Every structure is written in structure tokens, then in C-alpha cells.
2 protein chains.
Amino acid sequence: MAQLRIAIAQLNPTVGDLRGNTELIVNGVHDAAEAGAHVVVFSEMALTGYPVEDLALRETFAQASRAAVDQLAARLAKAGCGELLVCIGYLDFDKAGARNAAAMLYRGEVVARQFKHHLPNYGVFDEHRYFKAGQTLDIVRLHGVDIGMVICEDIWQDGGPIAALGEAGVDLVLAPNASPYEQAKDEQRVPLATRRAAEAVAPLVYCNQVGGQDDLVFDGDSFVVDAAGVVHARAPQFTEHLLVVDLDVATGDNTGTGSFAGLEVRRWLLSGTPLPAYEPQPDPPISEPLTDTAEVWSALVTGLRDYVHKNGFRSVIFGFSGGIDSAVTAAIAVDALGADAVYGVSMPSKYSSDHSQSDAAELARRLGCHFRVEPVADMVQAYVGQLDLVGLAEENVQARARGVLLMALSNQESHLVLATGNKTEIAVGYSTMYGDAVGAFAPIKDVFKTQVWELARWRNAEAEKRGETPPIPENSITKPPSAELRPDQLDTDSLPDYALLDNILDDYVEGDRGVADLLEAGFDAAVIDKVVRMVDIAEYKRRQYPPGTKITFKAFGRDRRLPITNRWREVH
Amino acid sequence: MAQLRIAIAQLNPTVGDLRGNTELIVNGVHDAAEAGAHVVVFSEMALTGYPVEDLALRETFAQASRAAVDQLAARLAKAGCGELLVCIGYLDFDKAGARNAAAMLYRGEVVARQFKHHLPNYGVFDEHRYFKAGQTLDIVRLHGVDIGMVICEDIWQDGGPIAALGEAGVDLVLAPNASPYEQAKDEQRVPLATRRAAEAVAPLVYCNQVGGQDDLVFDGDSFVVDAAGVVHARAPQFTEHLLVVDLDVATGDNTGTGSFAGLEVRRWLLSGTPLPAYEPQPDPPISEPLTDTAEVWSALVTGLRDYVHKNGFRSVIFGFSGGIDSAVTAAIAVDALGADAVYGVSMPSKYSSDHSQSDAAELARRLGCHFRVEPVADMVQAYVGQLDLVGLAEENVQARARGVLLMALSNQESHLVLATGNKTEIAVGYSTMYGDAVGAFAPIKDVFKTQVWELARWRNAEAEKRGETPPIPENSITKPPSAELRPDQLDTDSLPDYALLDNILDDYVEGDRGVADLLEAGFDAAVIDKVVRMVDIAEYKRRQYPPGTKITFKAFGRDRRLPITNRWREVH
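The rules behind these values
Residues numbered from 1 in each chain as written. Chains lettered and ligands numbered in written order. Predicted model: local features only at pLDDT ≥ 70, side-chain atom pairs only at ≥ 80, totals over all residues. Heavy atoms only, no water. Phe/Tyr/Trp six-rings, centres within 6.5 Å; stacked < 30°, edge-to-face > 60°. Helix = DSSP H or I, 4+ residues; strand = E, 2+ residues; numbered from the N terminus. Buried < 20%, exposed > 50% of the residue type's maximum accessible area, 1.4 Å probe, protein only. Least-squares fit on C-alpha atoms with pLDDT ≥ 70 in both. Axes fitted to C-alpha atoms, helices over the stretch in contact; angles between N-to-C directions. Parallel < 35°, antiparallel > 145°, perpendicular 65-115°, else oblique. Left-handed = near helix turned anticlockwise from the far one by under 90°. Contact = heavy atoms within 4.5 Å. Nonpolar A, V, L, I, M, F, W, Y, C, P; charged D, E, K, R; others polar. Pairing = 2+ DSSP bridges.

> Let's hear about the packing of aromatic side chains: which residues, and what values?
Scanning the model with the defined rule gives 23 aromatic pairs over all chains in all. With centroids separated by 4.9 Å and ring planes inclined at 65°, the aromatic side chains of Phe61(A) and Trp568(B) adopt a geometry described as edge-to-face. Linking Phe61(A) in helix α2 (residues 59-78) with Trp568(B) in the segment after α19 (539-543), this pair reaches from one chain into another. Here the two residues Phe61(A) and Trp568(B) agree in accessibility, since each one is buried. Where Phe320(B) meets Phe371(B), the ring centres are 6.0 Å apart and the plane angle is 35°; that geometry is what we call tilted. Remark: Phe371(B) occurs in strand β19 (residues 370-373) and Phe320(B) occurs in the loop between β17 (316-319) and α8 (324-337); sequence separation between them is 51 residues.

As C-alpha cells, this is what we get:
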């Protein structure tokens with residue numbers, strides 16, 4: 001047995017920002033040192049942010065990343081943190097190619113360096129495009145404890161590093177991660193890590209990135225679990241946090257080097273003697289994971305906030321239609337950026353109902369955000385009159401006049417424009433390109449319509465619990481949805497009931513199921529046909545839709561890559 | 001020695017269209033049979049089209065593809081083509097996952113089935129996402145000739161199938177390909193295939209797909225080359241073609257089965273006896289590859305034509321600005337779709353010069369396409385007046401008013417809208433989102449500005465050679481480019497000279513070089529800084545830009561995947 005104080009630095013780096021991320025990390029190490037930690041773990045590629053995408057292929061960037069690790073080691077030692085073992089994810093490269101790497105820094109030097117072995121290449125991941133797989137495992141002995149590393153996917157796949165560590169012998173496993181959020185994923189991580197701890201016969205320290213990066217958001221939720229499944233510490237989700245925990249680590253007589261499970265195990269001795277016994281700190285609180293809906297809300301808030309701030313914007317502008325989508329988007333934006341950074345614009349056309357305008361104004365009043373009314377009648381009339389537009393052309397011009405209006409205000413006042421479309425709409429193409437689809441970011445792009453309502457009710461209930469005004473007007477939640485692009489139009493004129501529609505989409509989009517499966521699931525053949533066809537032919541619209549926070553298993557965008565030109569039609 | 005008549009069916013399938021592609025293939029087999037061929041080769045995944053992207057993961061689609069191969073074999077036998085050995089690419093799957101497969105059909109059955117071994121996962125390719133690598137090689141003996149298969153990337157990588165065929169012994173190698181066009185790639189293929197033929201010690205039959213698929217275009221250019229580098233036949237580029245050639249194949253005593261170069265070689269006997277001697281047909285003409293500029297023009301014409309037609313459109317509409325980009329786009333569109341399918345719209349604002357309108361009208365006159373003038377003054381005034389727009393906001397509103405106008409005409413008259421931006425503009429973000437960037441397809445998206453001029457001069461010269469009117473007005477070629485969004489504006493107010501700019505972009509975008517390299521190449525530091533920064537911060541615009549035909553090594557889109565949120569800045 002040996003004592004060791006472990007710190008997990010759950011931080012929010014920015015992709016590409018080597019200088020800024022270095023400062024974040026230095027601060028994290030200082031905090032860990034102040035807390036008396038002996039080891040501090042940062043997330044996967046913490047130095048570069050994750051994912052860097054094609055930056056991984058840019059030699060100048062890889063060189064800068066590698067150099068920054070060496071500089072970091074020297075700087076930490078100079079600052080008196082040299083005795084702290086620092087485990088840090090970064091981008092490395094050698095003659096074989098780029099590497100998703102983790103290094104251990106100690107006494108001013110890189111004492112171990114290891115590359116990710118299992119490279120995910122599914123869903124949102126393209127790691128075979130970027131990285132060569134590592135074939136070595138570095139184990140260091142610090143204060144008599146043998147410490148190994150595995151990187152993210154290395155714990156999601158069988159065999160490889162975990163098996164090798166288990167066979168070669170290790171006392172503690174550090175696992176830097178950048179595991180994007182999706183609903184219910186957090187419930188898989190602890191059981192998975194427990195299994196891997198059992199295979200390695202050692203406690204596992206799981207450190208995950210936090211924060212938003214384009215369409216991904218990372219929830220943190222870092223923890224320490226042992227081989228028996230005991231969670232010793234767990235960090236809160238969606239916030240930067242330094243988690244410090246004292247462990248009594250069972251130390252073994254680990255001497256295995258050479259080939260294990262197809263990998264080459266190497267050992268480095270830093271200090272062989274266990275620390276003199278010390279008084280452990282009280283165990284940190286084990287953070288409760290958020291409820292499902294609270295978790296989604298936090299993901300959306302974090303994703304939006306980081307997109308806006310990391311891209312140098314301070315404020316957002318978008319249409320307040322009086323409907324549920326813009327209302328929920330507005331509540332998220334206010335939670336993310338503050339009411340003073342949110343600019344709502346009501347843009348009535350001649351088909352806009354009175355309630356759409358009064359509900360929009362009421363939303364702004366409840367949120368305390370900026371609000372203005374800019375009718376689009378004159379713009380629309382200029383097109384309709386000159387071009388004699390009728391039907392769909394006339395409907396779309398209203399949406400597009402609004403899009404141009406928002407972009408003009410954005411240019412004039414430097415706000416970032418948000419698109420307020422939801423996943424259901426985007427799936428079936430129920431949106432107007434260059435109209436309501438205008439925006440740099442689409443906060444609820446990956447939220448099905450039925451879940452938009454659920455979020456609205458949840459957020460209002462939370463406000464009530466706290467004694468605050470519920471942000472979303474009841475009428476926006478309860479009224480039947482309408483695009484209001486022609487008289488008395490309702491969404492249900494063109495679409496099945498949203499509950500039914502979302503159920504079909506869940507099977508067809510998330511589950512990638514065929515029509516036979518949908519029929520078997522009991523859906524009506526004509527409805528299936530209609531929905532599947534709408535989804536298939538809307539791909540060209542989705543390609544030009546702004547990015548938005550992924551919360552589901554399969555988000556539109558890099559997660560679901562279908563050709564636009566595609567004559568495959570599910571038949572039955 | 002044994003005689004064999006080989007047909008290469010260089011066809012233009014449509015992704016997902018199993019029925020339509022089956023008909024194409026059946027016709028190809030019939031034509032080959034009529035020509036007396038003994039073997040006919042189709043391109044990689046000819047049955048499904050290539051690339052199918054995430055359709056590969058859809059079980060119903062993979063099942064349908066596999067079933068279609070069996071049905072095809074039966075149908076061909078019934079139609080009296082059973083004696084012809086048919087090599088066909090398709091999507092297969094088994095419990096390991098989806099497979100990029102090739103099958104040999106003979107006498108109503110699938111007699112050999114093999115999976116691609118080397119899976120490309122760089123550039124535009126994501127095959128590790130989709131396919132499991134094949135580990136077996138099937139060799140059939142037909143008329144005494146041992147015939148093996150390799151699929152596309154299998155000839156681009158060392159080792160694997162070619163090495164195994166060479167070691168195990170084979171007389172003829174069939175190579176179905178779907179190799180996307182890029183400039184100068186055709187010059188690599190014959191030398192590469194020659195090397196592989198030498199390694200396999202057998203002639204290689206290279207069959208490539210032809211036609212456009214979203215942002216890719218395939219140039220065909222199929223050929224037969226032997227181990228000595230002699231090209232026996234070569235098909236024309238960018239057109240469907242059945243190439244039939246008689247070969248005298250050296251037959252060996254090939255009996256190797258089992259493991260070769262890590263792959264499992266299996267042999268199947270169809271007929272052991274060589275054909276009785278027959279009179280070979282005269283050698284087919286060996287098509288000359290197109291000149292560099294003609295090749296690019298054909299790629300752009302083919303890419304546009306197939307995008308429009310395969311997506312069910314008949315006509316296109318876009319702005320005729322009087323400038324070079326819209327002029328070249330118009331000439332491409334007329335070559336692709338015919339003058340009657342092209343609708344030009346001049347949309348003058350108060351800053352438009354007289355020559356922009358007269359050059360646009362002259363372009364339409366020369367092309368004989370549809371043309372109308374729709375001033376945007378009223379639309380622009382509606383925004384500027386109501387919102388008090390000035391500066392950039394006023395400039396952009398002009399571009400966006402035009403975008404909305406084109407979309408309205410598209411909705412009203414069912415044309416597909418084209419965006420006319422070039423690669424230089426898109427690289428530096430010199431375009432207006434939802435303005436000139438509006439469109440379903442962007443034909444010259446991957447053409448640098450200097451090359452746009454080159455194409456214009458080339459196309460005019462071609463017309464003169466043929467005694468036709470040069471399509472592009474001289475004035476559109478020679479006048480200094482201007483966006484005409486404010487008085488006396490010139491592109492050079494905001495951008496370096498295009499020749500210089502394109503040189504820098506060639507290094508920074510195509511070459512992924514760092515600033516140090518650019519300095520070393522002799523560019524001015526201040527200009528480098530400005531250009532690199534413009535490119536970096538325009539990523540969000542590129543994400544919403546329409547797809548367009550890839551002609552360069554690194555096209556924007558799936559070829560260059562950079563994060564939007566990205567604080568990496570090249571420094572020096």
C-alpha cells in the first residue's frame with residue numbers, strides 16, 4: 001500500500017490556443033500543488049484542445065505543440081512544481097505521422113510519452129485520418145506506485161493498452177479523455193471504467209475535457225474508480241473543476257517489460273520509496289450527475305456560450321417569433337450569455353398573428369433582454385411586387401427577408417446571429433434556406449421538437465422552484481406550432497403530429513433503420529413513406545445549415561454523412 | 001499464352017440507384033457480349049455508385065446491394081450472357097461489417113467475391129469509417145487464364161493484394177476503381193499501374209468510374225497496361241465508354257493457395273482450357289488524355305451536369321454580374337446543360353457600373369441563354385431605409401437582396417441556383433453569406449481566380465478554333481475585378497494582386513505550409529499575415545458554402561476539415 005494525492009484538472013481549453021491553454025494548465029498545476037497533490041491529470045490533448053481536426057496534419061502546429069510540452073515541463077520546474085507528476089495530453093508527431101499523445105512531466109523533463117492506441121473512426125471521430133496508433137506503453141514508478149496511461153478510446157475498446165497494463169502489472173492508471181457529450185453517455189462511463197480498472201487491477205483516474213467546441217460539447221464528469229467499482233471522487237458536469245482525492249494504492253511487484261498484448265511496455269523509475277504516512281484530506285464530495293433534462297440544458301448552454309465567446313463575440317441576435325423554438329433558444333442564450341447579451345427581433349409579416357407578436361414581447365419582458373420590432377412588410381412587398389411572387393415563393397420570401405434583416409443588424413451592431421431550428425424541422429427540411437436557417441450557430445439544432453417542449457417546461461419549473469419568473473410564456477408552449485407564412489397555416493398541415501414524427505425520426509435517423517423495421521414498429525406505411533422521403537431529399541438543406549450542439553447519438557453534420565445526390569429510397 | 005477479349009465498361013452510375021445502375025450494367029454486359037468479350041469489368045462499387053458515404057452503414061441498403069448482385073448474376077445468365085465473366089464492384093457486408101467488394105459473376109452465379117484490403121482514410125476518403133478490410137484473394141481460372149482482382153486503393157499502397165497475387169501467381173489482374181479526378185492525377189495512374197502489373201507479373205485492367213457525385217467528379221481514363229509498361233488500350237476521359245481489347249496473356253503454372261503477403265489466396269476453376277485460336281479484333285484507338293485546361297473544363301462541365309440532372313433539375317439560374325466568375329460559370333453551364341437550360345439575371349444596384357450590365361447582356365447574347373434584368377434598388381432601399389444601414393451592412397444587403405431574388409425566381413420557376421464564387425474568394429472569405437454565396441451548387445468553387453481567367457481564355461480560343469463565337473466577352477476578362485458594392489470599389493482595395501494571392505494560397509491551403517515556409521518562399525511578411533488571417537477566420541463562411549466540383553489536390557469541404565473555433569495563428 002502507498003498513499004498518493006491525485007488531482008484531476010477538468011478544464012475548458014480552446015482548440016489551437018497553445019498559449020492560452022498553457023496558461024490554463026500552469027494555473028491547474030499550481031492549484032494542484034497548493035492542494036498538496038503528487039499527481040495531476042489533464043484531459044486528452046488538453047494542450048491543443050480537442051478535436052483539432054486537420055490542424056493535426058499541419059506540421060507547424062504539431063511542432064509547436066511538441067515544443068510547448070517541453071517548455072511547460074521546464075517552466076513548471078522553475079516555478080517549484082517539479083516534484084508534481086503532471087500527465088498532459090497533447091499533439092505529437094514523429095516520422096510515422098501525427099500522434100494523439102500523453103506525456104508525463106517531472107522535475108523539468110518529459111519522463112514518459114505515450115501514444116493513443118485505439119483510434120476511433122466512427123460517429124464524429126476521424127482519428128485514422130490524423131493519427132498513427134501507438135505501440136508502446138510507459139509506466140513510471142513514483143513514490144513506489146507504478147503509474148500507466150491510457151487515452152480515451154483505449155478504454156472503450158477491448159484489448160490493447162488496458163490488457164497490456166493488466167498483464168505487465170501497474171498500480172494506478174491515468175486516463176486523459178475528450179469524450180463528447182451525448183445523452184445517457186455519462187451512465188456508461190463509470191461501469192466501463194470499472195471494468196477496465198478490474199482488467200488493469202488498478203484504480204483508474206478518468207479526466208474529461210469540459211466546454212464547447214463547434215458542434216461538440218464536453219461534459220467533464222471526471223472521476224476516480226477502483227477495480228471493485230467504488231467511486232472515490234466525481235467532478236461536477238459542464239464546469240471547470242479541480243478534483244483532489246487521496247488514494248491508498250495497492251502496490252505490486254511489477255517488473256514486466258517488453259511485449260504484452262502486442263504492445264511494448266517500458267518502465268521508468270522516478271522514486272521507488274512510498275511516501276511517509278500523512279494525514280489524508282477529507283474525501284471530496286462525489287458530485288451527483290445532473291438529471292437527464294438538466295444535463296441537456298447545461299450542454300446547450302455550454303455549447304452556445306463557448307461558441308460565442310471562443311469566436312470573439314459578446315452578443316447574439318435572432319428572431320423572436322412567439323413560438324416555442326425561439327423562446328427556448330432565448331432562454332438558453334440568456335442562461336449562457338446574460339440577458340444584456342441577447343437581442344430579440346420580432347419581424348412580423350402580414351400573416352403574423354397578434355399572439356406571435358405579443359408572445360415575443362412577453363418573452364423579452366420575462367428574460368429582460370433587448371427587443372425590437374422590425375416589420376418585414378416593405379422588404380417582402382419589394383420582392384412580391386417586382387417578381388409577382390405567389391405560393392411557396394411568396395412564403396419563402398418572408399423567411400428570407402427576415403434572414404437578411406437579421407444579418408444586416410448583425411453587420412451593423414456586431415452580434416452573432418443564431419438560427420432557432422430544431423432537429424425535427426431540420427430532419428424533414430421544414431425550414432427555409434437563407435431564411436430561418438440564417439445564423440452562425442444553431443443552439444437547438446440537435447433537439448427534437450418534443451424535447452424542445454420538454455425543455456421549456458423543465459426550465460419554467462426550475463425558475464418556479466427558485467422563486468423566479470418562468471422565462472417562457474405559457475402560450476408559446478401550449479399553442480399549436482405555425483410557420484405563419486400564409487393565412488391560418490399550421491405545422492400539422494404539412495407534417496404528422498410531432499410526437500409521431502419524432503418517434504419515426506428516432507428510428508430512421510438515430511437508429512438508421514429501414515422501412516421494414518418502421519413498419520414492424522407499427523407506424524403507418526403512408527406516414528413512413530412521407531417522412532422518409534422528406535428526410536432523404538432535405539440533405540442539401542442540412543449541408544448549409546449552421547453548426548449546433550450535438551446532444552443525441554447521431555447529430556446532423558459530421559455524425560451523419562449522407563450524399564446529397566442519392567437515389568436510394570427505402571421501399572416496402 | 002492464351003487469348004482473351006476484355007471489355008472495360010466505363011460507366012456513370014448514380015449513388016444509391018441500385019435499379020438504375022443495374023440497368024446500366026446489364027446494358028454494359030450486353031454490349032460486351034455483342035463485342036465478343038470473354039471478360040467485362042465494371043468500376044468500384046458500380047452497383048451502388050461511389051462514394052455512398054453513410055449509406056454503407058445502413059443495413060437495408062447493404063442487404064439490397066448484396067441481393068442485387070445475386071439477382072444480376074441470374075438475370076445475365078437467363079439473358080444468354082452467362083459465359084461472360086463479369087467483374088462488378090458493390091457493397092457487401094458480413095458479421096464483421098460493411099465491405100467494399102468486387103464479385104465475379106459466371107453462369108448465373110457469384111463465383112468469386114473479394115473485399116478491398118487497403119482502405120483510404122485521407123483527403124476525401126473515410127473508408128475506415130465504413131468498411132472492414134478484406135483478407136482473402138479470389139483467383140478464378142477462365143479459359144486457362146488465372147484472373148485476380150484488386151480494388152482501387154489496393155494498387156495505390158505497397159504490399160497487400162498485389163504482392164500476394166505476384167507471389168501466389170496470377171495471369172491477369174482486374175482493377176475496379178472509383179478514383180476521383182484532380183489535376184495531374186491521370187499522369188500518375190499509368191506509371192503506378194505499370195509498377196503494379198510488374199509486381200503481379202500480369203497485365204492490369206484498370207476500370208474507373210466516370211461522372212459527377214456531389215463535390216467529386218470521376219474522369220474515367222480506363223486502360224490496360226502490361227508489366228512492361230505497354231498501354232494496350234485507353235478510354236476517353238469524362239464520358240461513358242466500352243473499351244474492348246484482345247490480349248495475348250502469358251499463362252503460368254499458378255497453383256499457390258493459402259497465405260501470401262498476409263492474405264489468404266483461394267482459387268476457383270471455371271475452365272482450364274485456353275480458347276481455340278481466334279482472329280483478334282483490331283486494337284482500339286488509345287485515347288489521348290486531354291490537355292490540362294481541357295481536362296479541368298471537362299471536369300467542371302461533368303460535375304455540374306451530373307449534379308443538376310442526378311438531382312432531378314433541368315435548368316439553372318444565377319447572377320450575371322458582367323464579371324469573369326459568372327461569365328465562366330455561364331459558359332460551363334451552357335456546355336453542361338445547353339443554352340436553353342441557363343437563366344442569367346442581371347441585378348444592378350446603384351453602384352453597378354454600366355459595363356457590368358452591358359457585359360452581362362453581351363455574355364447572354366453570345367451564349368444564347370435566357371437573360372433578364374431585375375434591379376435590386378427597391379429591395380435594398382427597403383432595408384437601408386428602415387434600418388439606417390451604412391458601410392459593410394449596406395454593402396452586404398445588396399449581395400443578399402440578390403441572393404433572395406434568385407431564390408425567389410428558383411422557387412417560382414424551378415431552376416437550381418448556382419453560386420459563382422471561385423476558390424480564391426472562398427479562401428479569403430471575400431464573399432457574402434446568403435448573398436453571392438447562395439446556391440445549391442458552386443461550379444467553380446475549387447478554381448483559383450487566376451485559373452478562372454485561364455479557363456476563360458482557353459474556352460474562347462477553343463471557340464475560335466471551331467469557328468464559333470467566343471462565349472466570354474473580352475471585357476469581362478480584361479477589366480479589373482470589382483464587387484461593385486460601393487462607389488469605385490476594386491478587389492485590389494481589400495486583397496493583394498490575384499497572381500500573388502493565388503501563389504500564397506497554393507502554399508498555405510494546398511500545401512498546408514506554415515508561415516516560416518511562406519517567408520522562405522519569398523513572400524512579404526505583412527502580406528502573408530494578412531492572407532493567412534483572412535483564410536483562418538473565414539472557415540465559418542466556408543461551412544455554409546454550397547458544394548462544388550473538386551479539381552485540386554485539396555478542395556474546401558470534406559478534403560480540408562478545420563475547426564471553426566480555432567485560435568491557432570501562424571506566427572513568425
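> Talk me through the relation of the copies chain A and chain B; I want residue IDs and the actual numbers.
For these two chains of identical sequence, chain A goes onto chain B by a turn of 180° and a shift of 0.0 Å along the axis, with RMSD 0.0 Å. Between the two chains, the operation in question is that of a two-fold axis. No C-alpha of chain A approaches the rotation axis more nearly than that of Gln544(A), which lies at 2.1 Å.

> Kindly report on the packing of helix α16 (residues 498-510) of chain B against helix α18 (residues 525-537) of chain B, identifying the contributing residues and their values.
Residue and element names in this part refer to chain B. Close contact between α16 and α18 brings their axes to 11 Å; oriented N to C, the two are set at 60°. The orientation of α16 relative to α18 falls into the category oblique. Every pair of crossing elements has a handedness; the one defined by α16 and α18 is right-handed. Residues Leu500, Leu501, Ile504, Leu505, Tyr508 and Val509 of α16 form the contact with α18, whose own contacting residues are Val527, Val531, Val532, Val535 and Asp536. Grouping the amino acids of the contact of α16 with α18 by side-chain chemistry returns 10 nonpolar, no polar and one charged.

> Any details on the sheet that holds strand β5 (residues 109-115) of chain B? Residues and values, ideally.
Residues and elements named next belong to chain B. Strand order in the open sheet made by the six strands is β5-β4-β3-β2-β1-β14, with mixed pairing throughout. Two strands close off the open sheet at either side, each with one partner strand: β5 and β14 (241-249). Averaged over neighbouring strand pairs, the angle between their axes works out to 30° when direction is ignored. As judged from the three bridges shared by strand β2 (residues 39-41) and strand β3 (residues 85-94), these two strands associate in the parallel manner. Directly across from Val40, in β3, lies its bridge partner Val86. On the sheet, helix α1 (residues 18-34) packs against β1 (2-10), β2, β3 and β14 and is oriented at approximately 45° with respect to β14. Along the sheet face, helix α2 (residues 59-78) touches β3, β4 (97-106) and β5 and points at about 155° away from the line of β3.

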